[in-house]
Amino acid sequence: MRDINISELERKFQEKIDNDVKIEPNDWMPEEYRQTLIRQISQHAHSEIVGMLPEGNWITRAPNLRRKAVLLAKVQDEAGHGLYLYSATETLGADREETIDDLHSGKAKYSSIFNYPTLTWADMGAIGWLVDGAAIMNQVPLCRCSYGPYARAMVRVCKEESFHQRQGFEIMTQLAQGTPEQKAMAQDALNRFWWPALMMFGPSDADSKHTAQSVQWKIKRHTNDELRQQFVEVTVPQAELIGLTVPDKDLKFNEANGHYEFGEIDWTEFWEVVKGNGPCNKDRLDARRKAKENGMWVREAANAFAAKRAARKSA
Amino acid sequence: MNSLFEYVLRLGDDSLILGHRLSEWCGHGPILEEDIAMTNISLDLVGQATSLLGYAGELEGKGRDADALAFLRFDREYKNLLLVEQPNGDFGMTMMRQFFFDAYRKPLFEKLQHSSDKHLAAIAEKSLKETKYHLKHSSEWVIRLGDGTEESNARVQESLNTLWRYTNELFFTNEVDAELVEKGIVPTMQEIQNEWNATVTAVLNEATLTIPTNNWKQEGGRKGLHSEHLGYILAELQYMQRAYPNMQW
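Residues numbered from 1 in each chain as written. Chains lettered and ligands numbered in written order. Predicted model: local features only at pLDDT ≥ 70, side-chain atom pairs only at ≥ 80, totals over all residues. Heavy atoms only, no water.

Draft legend 1. Inspection of the overall build of chain B at higher detail. Summing up its helical and strand segments, chain B has eleven helices and zero strands in all. The order of α-helices and β-strands along chain B, N terminus first, is α-α-α-α-α-α-α-α-α-α-α. Computed over the C-alpha atoms, the radius of gyration of chain B is 18 Å, within 12% of the 18 Å expected from 2.2 N^0.38 for a compact globule of 249 residues. With the C-alpha coordinates aligned to their principal axes, the bounding extent of chain B is approximately 55 × 45 × 30 Å. Counting all 249 residues of chain B, 59% fall into the buried class. Partitioning the intrachain contacts of chain B with sequence separation of at least 6 by distance along the chain shows that 81% fall at a separation of at least 24. For chain B, the exposed area adds up to about 9,700 Å²; of that, 51% sits on carbon and sulfur atoms. (Helix = DSSP H or I, 4+ residues; strand = E, 2+ residues; numbered from the N terminus. Rg over C-alpha atoms; globule rule 2.2 N^0.38 Å. Buried < 20%, exposed > 50% of the residue type's maximum accessible area, 1.4 Å probe, protein only. Contact = heavy atoms within 4.5 Å. Areas by Shrake-Rupley, 256 points an atom, 1.4 Å probe, with all protein chains shown as cover.)

Listed below in structure tokens is the structure:
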């Protein structure tokens, strides 16, 4: 009897999805759908928060007041996205603190791109242009994701990411048109961030264990390889426009089909960084853990004060 | 001496250096909401620095813009308060420093928004809106931490004891102020100090904190005599402009 009910619920659930009706927090959903979303949204939230660190690294050294203000605003947006997304996981019954502890213990993942160091000012340009650019490719389809709160959060996030991408490209353009030192700085940043940016779309479709089910549930609308291809199509002409060279000797435009063909990603590097062996994995997690530990007394004080105030009110 | 230039420069340098200090927190705050709040305040201060230093450059009339003043002066030419260059310490230290500063800036901007100098009045009016919010935020944290746990009370009392010595300089005056007060461009520091005393006494009492009794005071920033900390701030702040001179970014 119970089995029939469950399969009936599942049928109705899939029917809603097929008809593009949003799933809302109080609707019935398969446990696996819930867990997939918690995993994906919390990874996204963690990426926003960890992603503050490589850019935060250059705030105190930004070259002028305007760049400093823009970078501050951008990193602040990322913190805001993190807050939004942690709230979205809470609508699925996840606990924010536990979710964050999973990040700190290494159980939960975040985007590997943030495990690469930001060595020069040009990296602020490369991150905005390539990393936020790749994030937009990934996230625009999420505005139509089947889960309502995530889809709505993504609408706002994408607007801001689009601004981030433009400011990054503007930094790169300024450098590429600047002195020989500035142009070299921009090219070096592109060389270092190009391949990690392509890796942001995840493993190739053949090796991606989550894609098929997520596509059926409309959590995901395109495969990793489709999005990666789209990113290359958009970004290569931008590099050419500002006179920078994409560091891929196999990159070529196929006149016959109108698409770019590009070289093979170093999947060994990809999996090593995912496993925790990238240049900054340890630094990033240490920084997050340290922030939490150093802030413990502040959170305790805030709770104690709130309790005292409530007690005084009721007295 | 160009007194108004000197006066606006002081205000601009305070915003610049405190904005820099707060920006060091970005990504490392005790809770996400506070990370956002501190970055936001930092952003306000960088915006104020841009307006104030831009105006200072105009008053000076030697072709220096806000960036030239922010990034290309030497240590002894910065006129910010010693208070704002003090290290962040823990979150309580940062909030106490911010509170002392906000409690001074709010009455100052309230008066300056009516300055006979229209440009300065306009900057003060805009900055006042931000400063009121900053003061509310820092006061609430001082109270919360002071009246929170035993540990938080002890920590923030220690921060209060450390920073108290820098508070007298908030009300520093010399011939620059005298001339501008005389002309009706700026308020007397006595008015600002009275209001500061009232705010600080009320908030620290509510926070169950004790005002230190020692009167050991430090000053020098307004005369360009800084603590050792400023040199390191400038080393970071000016790095790009010094390493790659005369380039556009």
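Draft legend 2. Structural context of the overall build of chain A. The helix and strand inventory of chain A stands at twelve helices and two strands. The secondary structure elements of chain A, listed N-terminal to C-terminal, are α-α-α-α-α-α-α-α-α-α-β-β-α-α. Against the compact-globule benchmark of 20 Å for 315 residues, chain A has a radius of gyration of 22 Å, which places it among compact chains. The C-alpha extent of chain A, read off along each of the three principal axes, is 70 × 55 × 30 Å. Among the 315 residues that make up chain A, the fraction classed as buried is 54%. Long-range pairs, those at least 24 residues apart, make up 78% of the contacts in chain A between residues at least 6 apart in sequence. Entry remark: accessible area of chain A is about 14,200 Å², with carbon and sulfur atoms responsible for 53%.

Draft legend 3. Fine view of the pattern of salt bridges. Going through the model one piece at a time under the given rule, you end up with 41 salt bridges over all chains. In this structure, Glu179(B) engages Lys183(B) in a salt bridge whose closest nitrogen and oxygen atoms are separated by 2.8 Å. The exposure class assigned to Lys183(B) is exposed, which follows from its relative accessible area of 52%. By sharing partners, the salt bridges in this structure join Glu55(A), Lys74(A), Glu78(A) and Asp132(A) into a single network. (Salt bridge = Lys/Arg side-chain N within 4 Å of Asp/Glu carboxyl O.)

Draft legend 4. How the structure looks around the interface of chain A and chain B. Facing 46 residues of chain A, the contacting portion of chain B comprises 47 residues. Taking both partners together, chain A and chain B bury about 4,000 Å²; carbon and sulfur atoms supply 69% of that area. Here chain A and chain B share three salt bridges between them. We note a salt bridge from Arg96(A) to Glu33(B), for which the minimum N-O separation is 2.9 Å. Where chain A packs against chain B, one counts 13 residue pairs in polar contact (both at pLDDT 80 or more). Going through the elements one at a time, helix H3 (52-56), helix H4 (65-90), helix H7 (148-176), helix H8 (180-199) and helix H12 (281-314) of chain A are the ones with two or more residues in the side of chain A that touches chain B. (Buried area = accessible area lost by both parts, 1.4 Å probe. Polar contact = N/O pair within 3.5 Å; in protein donor to acceptor, adjacent residues only side chain to side chain.)

Draft legend 5. Layout of the side chain of Ser112(A). Residues and elements named next belong to chain A. Examined against the element boundaries, Ser 112 turns out to sit in the loop between helix H5 (96-105) and helix H6 (122-139). Among the residues examined, Ser 112 registers a relative accessible area of 18% and is labelled buried. Contacts of Ser 112, omitting those with residues within four sequence positions, involve Val 273 and Val 274.

Draft legend 6. Focus on the state of the cysteines. All chains considered together, the criterion is met by zero disulfides over all chains. Cys145(A) takes part in no disulfide bond, and the closest cysteine sulfur to it belongs to Cys143(A), at a distance of 9.6 Å. Looking at Cys145(A), the relative accessible area reads 0%, which means it is buried. With no disulfide partner, Cys280(A) has as its closest neighbouring cysteine sulfur the one in Cys26(B), 17 Å distant. (Disulfide = S-S within 2.5 Å.)

Draft legend 7. The arrangement of the packing of H12(A) against helix H6 (residues 118-146) of chain B in detail. Direction vectors running N to C along H12(A) and H6(B) enclose 85 degrees, while the axes themselves pass 8 Å from each other. With respect to H6(B), the axis of H12(A) lies roughly perpendicular. Across the interface between the two elements, Trp297(A), Val298(A), Ala301(A), Ala302(A) and Phe305(A) of H12(A) pack against Trp141(B), Ile143(B), Arg144(B) and Leu145(B) of H6(B). Here the residues of the contact of H12(A) with H6(B) sort into eight nonpolar, no polar and one charged. (Axes fitted to C-alpha atoms, helices over the stretch in contact; angles between N-to-C directions. Parallel < 35°, antiparallel > 145°, perpendicular 65-115°, else oblique. Nonpolar A, V, L, I, M, F, W, Y, C, P; charged D, E, K, R; others polar.)

Draft legend 8. Looking closely at the confidence of the model for chain A. Taken over all residues, the pLDDT of chain A has a mean of 94, while the share at 70 or more is 99%. Across chain A, the element-wise mean pLDDT spans from 82 in helix H9 (residues 211-216) of chain A up to 98 in H8(A). (pLDDT = per-residue confidence, 0-100.)

Draft legend 9. Representation of H8(A) in the model. Taking 1.5 Å of rise per residue, 20 residues should cover 28 Å, and H8(A) covers 29 Å from first to last C-alpha, within 8% of that figure. The largest bend along H8(A) measures about 35 degrees and falls at Phe193(A), with the proline Pro196(A) one to four residues further on. (Expected span 1.5 Å × (residues − 1). Bend = angle between axes of the 7 residues up to and from the residue.)

Draft legend 10. Spotlight on unusual backbone geometry. Residues and elements named next belong to chain A. Backbone geometry places Asp 20, a non-glycine residue, at a positive phi of 60 degrees. One non-glycine residue, Lys 218, adopts positive backbone phi at about 55 degrees. Its place among the elements puts Lys 218 in the loop between H9 and helix H10 (224-241).

Draft legend 11. Structural view of the environment of Ser138(B). All names here are of chain B. Tracing the backbone shows Ser 138 in helix H6. Owing to a relative accessible area of 0%, Ser 138 belongs among the buried residues under this scheme. Along the primary structure Ser 138 and Ala 103 are separated by 35 residues, whereas in three dimensions their C-alpha atoms are 9.2 Å apart. Leaving out residues up to four positions away in the same chain, Ser 138 has contacts with Met 95, Gln 98, Phe 99 and Asp 102. Reaching out from Ser 138, the side chain makes a polar contact with the backbone oxygen of Leu 135 at a distance of 3.4 Å.

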